[in-house]
Amino acid sequence: MRSRKLGNSGALIKPYVYIAPAVLLLLLFVYYPFAKTMVLSLSLTSPAGGFVKWNGMSNYTSMFVSPDFYDMLLVTFKFSIAVLTGSLVAGFFMALLVNSDRRGYTIFKTVYTLPMAVSSAAIAVVFSFVLHPVNGLLNEALGTDINWLNSPKWAMAAVIMVTVWQNASLNYIILLAALKGVDRSLYEAAEVDGAGYWKKQWMVSLPGVSPTLFFLVIVNAIVAFQAFAQIHVLTAGGPYNSTGIISYNIYLDALRKSHFGLAYAQSVFLFVVILAITRIQFYMEKKVSY
Amino acid sequence: MRQALPMHRSLLFNLVAGLLIAFPVLYALLMSLMSPAQMYETGIQWIPAPIHWANYAEALRMVPLLHFFANSVFVSAAITLLQLAIGIAAAFAFAFFRFRGKSALFYLILSSMMIPAQSIVLANFTTISRLDLMDTYLALILPAAASAFTIFNLRQSFMHQPAELREAASMDGCTDFKFMTRIVVPVNRAMISSCAMIGFIFSWNDYLWPLLVTNDEKKRTIQIGISMMHDTYSTTYGPIMAAVTITLLPSIVIVYMGQKQLVSGLAAGAVKG
C-alpha cells in the first residue's frame, strides 16, 4: 500500500521531470530573448545592447522614417522572391529527374541532397574564388572582366545564385517525397489522352504536389529572410548595401554600428512579417481544400 | 515506368544538373589538390597534375585548422546528444504520460518554432555577454541544446507505438524509464537517427551564433575559422580550398552514409495533401 502511494505522488510529478529540461531551455533561449527583444525595441540601449531607459516607439519611428529602411526592405524582397522562385523551380526539376527510380540514380540523389547539408560559409568561400575579378573561373570562362562582387547589380545576382544552389536541395527532398504520393493512375489517364512526358508533369505532377509546393513557398520565404553566412562571406551586405537583407542589416546595425535599439526594432519587424506569412499559410490551408 | 523520360535524355539531364550541383564541392576538392604553379597557368585548369598534397599541410600551418575542427566536432556532438536526450525524454512524456497542462506545454514547445532565430539572436548574445559566458563552450552549446523540431518529430514517431507494448512492459515490472530506454528508443531508432543527423548538420554549419559569441581563436568553430582564413589569406587558393574541403567533409559523409534517414526526417510532416 505504502509503496503504491509513493508511486502515485511520484507519478504526479514524473511527467514534468521528463519535460522540464526542454521547457526550461526553450523558455531561457527562445521566449526570454523574445520578450527581451520586445522590451529593448522600446528602449534606449547602451552601445553593448543593454537597457538604458524607456524610449517609447522612437526606435520604430526612426526605423519607419528612414529611407534606408525601405531600400533594405526592397533588397530583402527582391532577394527572397528570386531565391524562392529559383530554388523551388530547381528543386522541382531535380525531383522530376530522379523520380523514375532508375537503377544507378542513387548517385544523383546523393548529389542533389548534398547542398542542404554543406556549410554556406565554406561554399561562399568557393564562390568568392570562382567570382574573383582577376583570376576567377567565371571571368576566365566567359572571357569577361566583371568585378562580380563589387557591382551592385552582379553582387545581388551572385548572392542569389549561391543561396538558390543551397536552398534548392531541401525543396528537392520534400518535392520528391510528395511526387511519390501522386496517384499513379492519373499518369496513365493522361497517357491515354496522348500526353507526353512534359505535359504529364505539367498536368499531373504539378497539381499533385501543389499543396506541398504552397507550403514550401512559405518555408522558402522564411529561410530566405534569414540568409546570413553567404552574405557575410561574399559581400558583407555591400556594395552600397545592395545585398544587405534584413537579417544581415540587424547584425550590421547592432554589432557594427552599435545601434542596438534599431536592430531590436527590426528583429520585431522580422518576427511580425514571418508571423503574418505563416498566418496566411494557415488561413489558406484551411480555406482551400485540395 | 511509363511516365519516365527516354533513358538517354533522362541521363543527360541528370548529368548536367548533377555536375552543376556538385560543381562547387568538386571545384574545391580539385583546387585543393592543385599546385600554385598549375593554378596560374593560362587557360582553365581542372585536373590537378601532379597532385599537390602540400596545400593541406600548408592550410594546417596557416591556421589551427585541426583545433577549429575539434571544436566543431565537440560542440556539434554535444548539441546533438543533448537534443536527443532532452528530446527523447520530453517526447516520451508527451506520448505516454497523462498530466495537467499537457497540451498547453506541448503548444508552448511547438510555438517556439514560430519565432525566427534571427530575431532573437541579438538578445541571446547580450545575455551571454552579460553572464560572462563569451568564448565558452557552454555559450556555443546551451542555446541549441533543446530542439522543438526534434521533440515534435520524436513525439509523432513515439505515438505510433501500440498501447499494448507499454501494458505488456509494465506487467513485466518494467519502469517507465526502462520502458523508454530499452524499448521506445530502440524501436524508434530510425527517427532518432534522422533527428541526430539533422541536429548535427545544422549545428556543424551554424555561422551567426558562433560568430557572435567567440572572439578567442581557441574557441572558434571551423565555420568561423574558414571565413577568417579567407579574409586574412585571400590569395592562397590551394590551402583555403583544402580547408574548405576539410570543412565540408563531415556533411558529405553524413549525406552519403545516412541519406535515407536524413531525407525521411526532413520530409516528415512537410508533404501535404
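This is a predicted model, so every value here is computed, not measured.

Requested: an account of the overall build of chain B, with residues and values cited.
Within chain B one finds 14 helices and zero strands. Along the chain direction, N to C, the helices and strands of chain B fall in the order α-α-α-α-α-α-α-α-α-α-α-α-α-α. Counting across all 273 residues of chain B, residues that qualify as buried make up 45%. Summarising the internal contacts of chain B: among those between residues at least 6 apart in sequence, 77% fall at separations of at least 24.

Tell me about the interface of chain A and chain B, and name the residues and values.
Listed per partner, the contact involves 83 residues of chain A and 74 residues of chain B. A per-element tally of the side of chain A that touches chain B places helix H1 (residues 2-41) of chain A first, with 18 residues. Class assignment of the residues belonging to the side of chain A that touches chain B gives a composition of 61 nonpolar, 15 polar and seven charged.

Residue-level account of the UniProt feature "domain: ABC transmembrane type-1" (unreviewed entry) in chain A, with values.
According to UniProt, the positions carrying the feature "domain: ABC transmembrane type-1" (unreviewed entry) are residues 73-281 of chain A. Secondary structure content for residues 73-281 of chain A is 77% helix and 0% strand, while the C-alpha to C-alpha distance between its ends is 21 Å.

Describe the domain arrangement of chain A, listing the residues and the values that go with them.
Residue and element names in this part refer to chain A. If you check the domain split of chain A, you get domain 1 (2-58) and domain 2 (61-287). Between the C-alpha centres of domain 1 and domain 2 there is a distance of 33 Å. Facing the 12 residues of domain 1 at the interface are 10 residues of domain 2. Listing elements by their share of the side of domain 1 that touches domain 2, those giving two or more residues are H1 and strand E1 (43-45). For the side of domain 1 that touches domain 2, the leading source of residues is H1, giving four residues.

Would you mind going over the UniProt feature "transmembrane region" (unreviewed entry) in chain B in detail, with residue names and values included?
Cross-referencing UniProt, the feature "transmembrane region" (unreviewed entry) maps to residues 12-30, 73-97, 104-125, 137-154, 187-204 and 237-257 of chain B in the present numbering. Secondary structure over residues 187-204 of chain B splits into 94% helix and 0% strand, and the C-alpha atoms at its two ends are 27 Å apart.

Could you give an account of the nonpolar core, with specific residues and numbers?
A:Ala158, B:Ala90 and B:Val244 are the most contacted members of the largest nonpolar core, which totals 159 residues. Sort the elements by how many residues they give to this core and helix H7 (residues 152-180) of chain A lands first, with 17 residues. Discounting residues that sit within four places of it in the chain, B:Ala90 has contacts with A:Tyr18, A:Ile19, A:Ala22 and B:Ile151.

Lay out the environment of A:Lys286 with the relevant residues and their values.
By the secondary structure assignment, A:Lys286 is in helix H12 (residues 260-287). When the C-alpha positions of A:Lys286 and A:Tyr187 are compared, they lie 28 Å apart, and in sequence the two are 99 residues distant.

I'd like a description of the UniProt feature "transmembrane region" (unreviewed entry) in chain A, backed by residues and values.
The positions UniProt marks with the feature "transmembrane region" (unreviewed entry) are residues 12-34, 72-98, 110-134, 154-179, 209-229 and 262-282 of chain A. The distance from the first to the last C-alpha atom of residues 154-179 of chain A is 35 Å, and the span holds 100% helix and 0% strand.

For unusual backbone geometry, give the residues involved together with the corresponding values.
Residue A:Pro239 follows A:Gly238 across a cis peptide bond; omega there is -15°. On the secondary structure map, A:Pro239 appears in the loop between helix H10 (229-234) and helix H11 (246-256). Between B:Ala49 and B:Pro50 the backbone carries a cis peptide bond, its omega angle lying at -5°. Topologically, B:Pro50 is positioned in the loop between helix H2 (36-39) and helix H3 (54-62). Positive phi outside glycine occurs at A:Tyr240, with the angle close to 50°.

Please set out the domain arrangement of chain B residue by residue, giving values where relevant.
Residues and elements named next belong to chain B. When cut into domains, chain B gives domain 1 (1-52) and domain 2 (63-267). On the domain 2 side, the residues contacting the nine residues of domain 1 number seven residues. Elements with a minimum of two residues in the side of domain 1 that touches domain 2: helix H1 (7-32) and H2. Among the elements that line the side of domain 1 that touches domain 2, the one with the most residues is H1, at five residues.

Run through the packing of helix H4 (residues 106-117) of chain A against H1(B), naming residues and quoting values.
For any two helices packed against each other, the geometry is given by the interaxial angle and the distance between the axes. Look at H4(A) against H1(B): their axes get within 9 Å of each other, and the N-to-C directions meet at 40°. One element, H4(A), and the other, H1(B), form an angle in the oblique class. Along this stretch, H4(A) crosses H1(B), giving a crossing that reads as left-handed. Residues A:Phe108, A:Val111, A:Tyr112, A:Leu114 and A:Pro115 of H4(A) lie in contact with H1(B), whose contacting residues are B:Asn14, B:Gly18, B:Ile21, B:Ala22 and B:Val25. Residue composition of the contact of H4(A) with H1(B), grouped by class: eight nonpolar, two polar and no charged.

About the cut-offs
- Residues numbered from 1 in each chain as written.
- Chains lettered and ligands numbered in written order.
- Predicted model: local features only at pLDDT ≥ 70, side-chain atom pairs only at ≥ 80, totals over all residues.
- Helix = DSSP H or I, 4+ residues; strand = E, 2+ residues; numbered from the N terminus.
- Buried ≥ 20, exposed ≤ 12 C-beta atoms within 10 Å, placed from the backbone.
- Contact = placed C-beta atoms within 7 Å.
- Nonpolar A, V, L, I, M, F, W, Y, C, P; charged D, E, K, R; others polar.
- UniProt positions renumbered as here; feature names shortened; annotations may be inferred.
- Domains from an automatic or database assignment.
- Core = buried A, V, L, I, M, F, W, Y, C linked by C-beta atoms within 7 Å.
- Axes fitted to C-alpha atoms, helices over the stretch in contact; angles between N-to-C directions.
- Parallel < 35°, antiparallel > 145°, perpendicular 65-115°, else oblique.
- Left-handed = near helix turned anticlockwise from the far one by under 90°.

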